[in-house]
Amino acid sequence: MKLNRLALLLLFCWANIAQAQEVNFSYFDELLPIEERAEILVSQMTLEEKINQLISSAPAIPRLDVPAYDWWNEALHGIARNGKATIFPQGIGMAATFDTTLVFEVADAISTEARAKFKISQAMGNTSKYAGLTFWTPNVNIFRDPRWGRGQETYGEDPYLTSRIGLSFVKGLQGDDDKILKTAACAKHFAVHSGPESQRHTFDARPTQKDLYETYLPAFETLVVEGKVEGVMGAYNAVFGVPSCASTFLLDDVLRKDWGFDGYVTSDCGAINGMFYKMKYVDSAPKAAATGLNEGVNLNCGRTYLKLAKAVEQGLITEETIHQRAVQLFKTRFRLGMFNKDNAHPYYNVAKENIHSPEHVELARKAAQKSIVLLKNKNNVLPLPKDIKVPYVTGPFANSADMLMGSYYGISPNLVTILEGIADKVSLGTSLNYRSGALPFQKNINPKNWAPKVAAESDVTICVVGITADMEGEEVDAIASENIGDRKDLKLPENQLNYVKEIIESKKGPLVLVVASGSPVSLEGIEEHCDAILHIWYPGEQGGNAVADILFGDVSPSGKLPITFPKSIAQLPSYDDYSMKGRTYKFMKEEPLFPFGFGLTYTDFAFENLQLSSSTLKQKDNLELSFTVSNTGKVDSEDVVQLYISPKNQEELTPQYILQGFQRIALKAGETKEYTFELSSDNFKLFNDKGEKEWVRGEYDISISNALPSERSEALGAAKPLVKTVKLVGKKSSK
């Protein structure tokens, strides 16, 4: 018996040695095509090993030299949840810059820091969540309703703006090489996903085909087709009765067949299990796992895919499908250079000095400056003189570092609050005073409060109010929200509103209201009493310096609203209605508090001499536009030129305006320059009831201005728009 056992042991050892010797390590050869390398590697895995690689926390396979890797990483406005990193303005703030070049620079800086951090993490054996290179960013859902708590992560309400900003962000993250990746971006949440947060795991979105293709899908299409985005995240909710992560229509028909997607699809976290546990779409976890994988979800953020072995036994899925999905995931890891010999990858040797470098900190300040929107400036009260004698800074967020960060943030040792920024800006002889004055989300406990009375002794009162990611955000993070992360209305919290009213009663000098939020804030009842209003979003680590730069005139404000600010929720349709009727600047009939695209500067711009290359347009023709812009004031400034198309034949669901171009410009005081746009005939096509682009003959106005070309924009101080009409002729057709 002892000899037999010894023989068996020797046989077992010999088999393992033989197996180890037979491993084909040629997948480390970076000269081979990536598809071939991925196939060589995955083909040598057991079924269990392949299944384990399909979950977000993928374990190591030592015999194949495959290290552990966690796919879950975040970088909405800087590397998030992974230690020291530069914190840039939140996504909605970056959209407010209307600056695609700047957004690319921000994303490029983020990916540079990511590469440096990844190298250090790998050297110390840290393969934990948030320490990798596959970022689940950007969020290109449409901010269709301002009550959505996660709208701050997005690029606003307009599909075109979202597409262009999102595209720049993807290019900055991924680099400019077709075969290798600096980091891997991921477009989320696919698709038709924008709250309510309390229903996101069970909601069934049923948009019209027109709304789907006109509003909800364009940004995803741009990121896939133009940006070659490496990843797409399926949403929690259902679309047309089918969970997004089980949708043949979304994941196969649209994403892969129509758009030619060749990247990986990940579920949102827990979404695969949610098909069974929350939606009751299937009646078991193995069926949920098989459904997700069969429909094209390569990666499970969660652990439900560990039930795939049972699914194979039950005949719900084939081993070949598991193999194919795993190969796709490893193609991404190969593109990132994770299996190159001697770490031979152009982005590998990024120095640690790039992490939170002075250049990146300065870029964060620049981005924050350009994101700030000046909504009101009565009698040009701003900019303030730096030698002002007695300024008063107050409000619950005047000295708040939390307010700067928004959701999905990194850690910075250099958070500059607004109070700190102002203190560093004014004269050393200035008697700067500060009191918080109000608790942010509840009534003051002590009924006695001297803070509003200080306004009676001050030359100017700068009151910083708003909300934070504690009040609006993801369902599991917004701990101060009574509405599971969403907003129940658009007002300031009541205690802040009452405090501002007290200041209005007491103030001697002008009142400058600084509002922080990731969404529109209604200012009914106080707007008319404020002399100046700045909306600063969640401006990132340099927010305090950027606000001070604007307040005291080192920089002229130039941000624009990427979302309409309604007067109140009374102007909005029901929150859970995904129809675009009555929503956004395109379809909203009521006059807003502040229109989309609006934002003042410290100077005046005049638009003149709009010329069109033709007054008629046939299909496949291009239209060239030229015009001049003059800075007629006394301050050098940047601004954003916006081009809108307006069909004159206005049916009920025809957009009133369609943004089809924008340019950030810079003009010195007194300077005039000529600018151009070129439009293709495709820019004029409208979406029909089937969701198809259609050539609709008739007259279309083309408007050029620095805000939405509406009466409300002009009344608030935007430039008078240039308007010319072009006539579409030729046969009706659809695409």
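Residues numbered from 1 in each chain as written. Predicted model: local features only at pLDDT ≥ 70, side-chain atom pairs only at ≥ 80, totals over all residues. Heavy atoms only, no water.

A. Examining the pattern of salt bridges more closely. According to the stated counting rule, one finds 37 salt bridges in the structure shown. Its salt-bridge partner being Lys370, residue Asp99 comes within 3.1 Å of it at the nearest N-O pair. Of this pair, Asp99 sits in the loop between α4 (91–96) and α5 (100–123) while Lys370 sits in helix α14 (residues 358–371), and the two are 271 residues apart along the sequence. Given the relative accessible area of 9%, Asp99 is considered buried. Residue Arg147 is joined to Asp145 by a salt bridge in which the shortest nitrogen-to-oxygen separation is 2.8 Å. Exposure remark for Arg147: the relative accessible area of 10% places this residue in the buried category. Residue classification places Asp145 among the buried positions, given a relative accessible area of 0%. Among the ionic contacts, a cluster of salt bridges with common partners joins Arg150, Glu153, Glu197, Arg200, Glu474 and Glu475. (Salt bridge = Lys/Arg side-chain N within 4 Å of Asp/Glu carboxyl O. Helix = DSSP H or I, 4+ residues; strand = E, 2+ residues; numbered from the N terminus. Buried < 20%, exposed > 50% of the residue type's maximum accessible area, 1.4 Å probe, protein only.)

B. Representation of the nonpolar core within the structure. Within the largest apolar cluster, 117 residues are counted, with the highest numbers of intra-cluster contacts made by Trp136, Phe190 and Leu308. Ranked by residues supplied to this core, first place goes to α5 with eight residues. With 73 residues, the next largest nonpolar core counts Val393, Met405, Val460 and Leu511 among its residues. (Core = buried A, V, L, I, M, F, W, Y, C linked by side-chain atoms within 4.5 Å.)

C. How the structure looks around the packing of α5 against helix α6 (residues 159–174). Where α5 contacts α6, the axes come no closer than 7 Å and their chain directions differ by 30 degrees. The two elements α5 and α6 cross, and the hand of that crossing is right-handed. Together, Thr100, Val103, Phe104, Ala107, Asp108, Ile110 and Ser111 of α5 and Arg164, Ile165, Ser168, Phe169, Lys171, Gly172 and Leu173 of α6 make up the contact between the two elements. Across the contact of α5 with α6, the residue classes break down as seven nonpolar, four polar and three charged. (Axes fitted to C-alpha atoms, helices over the stretch in contact; angles between N-to-C directions. Left-handed = near helix turned anticlockwise from the far one by under 90°. Contact = heavy atoms within 4.5 Å. Nonpolar A, V, L, I, M, F, W, Y, C, P; charged D, E, K, R; others polar.)

D. Region of the structure containing the environment of Gly485. Residue placement: Gly485 occurs in the loop between β12 (460–466) and α18 (494–506). Owing to a relative accessible area of 0%, Gly485 belongs among the buried residues under this scheme. In this structure the C-alpha to C-alpha distance between Gly485 and Leu497, which are twelve residues apart in sequence, comes to 21 Å.

E. A look at the sheet that holds strand β5 (residues 231–234). Taken together, three strands build an open sheet; the order of strands is β3-β5-β8 and the sheet is parallel. One side of each edge strand has no neighbouring strand; the edge strands of this open sheet are β3 (186–190) and β8 (264–267). Taking the axes of each pair of neighbouring strands and ignoring which way they run, one obtains an average angle of 25 degrees across the sheet. Bridge analysis of β3 against β5 gives three bridges, and the strand direction is parallel. Opposite Ala187, over in β5, you have Val232 as the bridge partner. Against the sheet, helix α8 (residues 218–225) makes contact with β3 and β5, and its axis sits at roughly 155 degrees relative to β3, the strand it touches most. (Pairing = 2+ DSSP bridges.)

F. Seen up close, the sheet that holds strand β9 (residues 373–377). Here six strands make up an open sheet; going across it, the order is β9-β14-β13-β12-β10-β11 and the pairing mixed. Pairing within the sheet leaves two strands with one partner each, and these edge strands are β9 and β11 (433–435). For this sheet, the mean inter-axis angle between neighbouring strands, taken without regard to orientation, is 15 degrees. Taken together, the three bridges between strand β10 (residues 391–394) and β11 define a ladder with parallel strand orientation. Across the sheet, Thr394 pairs through a bridge with Arg435, a residue of β11.

G. A look at helix α13 (residues 319–335). End to end, α13 covers 25 Å across 17 residues, agreeing with the expected 24 Å (1.5 Å per residue, within 8%). Counting buried positions along α13 gives 14 out of 17 residues, so the element sits mostly inside the fold. Among the residues trailing α13, Gly337 stands out with phi positive, at a value near 80 degrees. (Expected span 1.5 Å × (residues − 1).)

H. Local environment of the state of the cysteines. This structure, assessed with the given rule, holds one disulfide. Two residues, Cys269 and Cys301, share a disulfide whose sulfurs are 2.1 Å apart. Across the disulfide from Cys269 to Cys301, rotation about the S-S bond amounts to roughly 80 degrees, and the bridge is consequently right-handed. Here the residue Cys269 occupies a position in the loop between β8 and α10 (271–277), and Cys301 occupies one in the loop between α11 (285–294) and α12 (308–313), the gap between them amounting to 32 residues. Take Cys301: its relative accessible area is 2%, and that puts it in the buried class. With no disulfide of its own, Cys186 has Cys269 as its nearest cysteine by sulfur position, at a separation of 10 Å. Taking the relative accessible area as the measure of exposure, Cys186 reaches 0% and is therefore buried. Left without a disulfide partner, Cys463 is nearest to the cysteine sulfur of Cys530, which lies 8.4 Å away. We classify Cys463 as buried; its relative accessible area is 0%. (Disulfide = S-S within 2.5 Å.)

I. Looking closely at the side chain of Arg115. Summarising the element assignment, Arg115 is placed in helix α5. Asp108 is the oppositely charged side chain nearest to the buried, salt-bridge-free Arg115, at an N-O distance of 10 Å. In this structure Arg115 touches Leu133, Leu181, Lys182, Leu336, His345, Tyr347 and Val350, once residues within four positions along its chain are discounted. (Lys, Arg positive; Asp, Glu negative; His and termini not counted.)

J. Quick look at the confidence of the model for the protein. With 97% of its residues at a pLDDT of at least 70, the protein reaches an overall mean of 95. Here residues 6–19 is modelled with pLDDT under 50, and outside its nearest four sequence neighbours on either side it reaches one contact, counting other chains as well. (pLDDT = per-residue confidence, 0-100.)

K. Main features of the packing of aromatic side chains. Applying the stated criterion across every chain yields a total of 30 aromatic pairs. Considering the side-chain rings of Tyr27 and Phe28, the 4.9 Å spacing of their centres and the 35 degrees angle between planes classify their relative orientation as tilted. We classify Tyr27 as buried; its relative accessible area is 0%. Exposure remark for Phe28: the relative accessible area of 17% places this residue in the buried category. Plain terms: the ring middles of Tyr160 and Phe662 are 5.9 Å apart, the flat faces sit at 80 degrees to each other, and that makes the pair edge-to-face. Of this pair, Tyr160 sits in helix α6 while Phe662 sits in strand β19 (residues 658–667), and the two are 502 residues apart along the sequence. Residue Tyr160 is classed as partly exposed on the basis of its relative accessible area, which comes to 26%. Accessibility expressed as a relative area gives 14% for Phe662, which makes it buried. Following the ring pairs from residue to residue traces out a cluster consisting of Phe98, Tyr160, Tyr585, Phe596, Tyr644, Tyr657 and Phe662. (Phe/Tyr/Trp six-rings, centres within 6.5 Å; stacked < 30°, edge-to-face > 60°.)

L. Main features of unusual backbone geometry. In this structure, Pro196 follows Gly195 across a cis peptide bond, with omega equal to 0 degrees. Mapped onto the fold, Pro196 is located in the loop between β3 and β4 (204–205). That bond from Leu382 to Pro383 is cis: its omega, 5 degrees, falls within 30 degrees of zero. Its identity is not glycine, yet Asn379 carries a phi of approximately 55 degrees, on the positive side. If you trace the backbone, Asn379 turns up in the loop between β9 and β10. Of note, Lys620 is a non-glycine position whose phi angle comes to about 75 degrees, a positive value. Within the secondary structure layout, Lys620 lies in the loop between β16 (616–617) and β17 (622–631). Its relative accessible area of 80% is what places Lys620 among the exposed residues.

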